[in-house]
Amino acid sequence: MLQEKKLNISFLILNKEQFENDSALFEIEKLNPSLIILAGFFFKIPENIIDKVSHKNIKIHPSFLPAYGGKG
């Protein structure tokens, strides 16, 4: 987990294991963000997190869809 402030923008970098063991939700709630940007996410975010933050999240994808979506 990395939390740092540059240009008054707080951010977290979380790994997949943190989403699997619920520590990601704890860290997100602790930071209390007004906006969450999911950049390059390739796995499904657990429902317990979506239930808490769906109103403040934006997902961007690193490739053109649907042509280059990969498996699934």
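To be clear, the structure that these remarks concern was listed above.
Residues numbered from 1 in each chain as written. Predicted model: local features only at pLDDT ≥ 70, side-chain atom pairs only at ≥ 80, totals over all residues. Heavy atoms only, no water.

Participant: Would you mind going over the nonpolar core with me for this structure?
Facilitator: Generally speaking, soluble globular proteins have nonpolar side chains that are buried together. Formed by Phe19, Ala24, Leu25, Ile28, Ile36, Leu38, Ile45, Ile49 and Val53, the largest nonpolar core amounts to nine residues. When contributions to this core are tallied by element, the ones reaching two or more residues are helix H2 (23-31), strand S3 (36-39) and helix H3 (47-53). Among the elements that line this core, the one with the most residues is H2, at three residues. If we skip the residues at most four places from it in the chain, leucine 25 touches Asn48, Ile49 and Lys52. (Core = buried A, V, L, I, M, F, W, Y, C linked by side-chain atoms within 4.5 Å. Buried < 20%, exposed > 50% of the residue type's maximum accessible area, 1.4 Å probe, protein only. Helix = DSSP H or I, 4+ residues; strand = E, 2+ residues; numbered from the N terminus. Contact = heavy atoms within 4.5 Å.)

Participant: Would you take a moment to explain unusual backbone geometry for this structure?
Facilitator: Only a minority of non-glycine residues have a phi that is not negative, and only a minority of peptide bonds are not trans. Phi is positive for aspartate 22, close to 70°, though the residue is something other than glycine. Here aspartate 22 is to be found in the loop between helix H1 (16-20) and H2. Accessibility expressed as a relative area gives 42% for aspartate 22, which makes it partly exposed. Although it is not a glycine, asparagine 32 sits at a positive phi angle of roughly 50°. With respect to the helices and strands, asparagine 32 occurs in the loop between H2 and S3.

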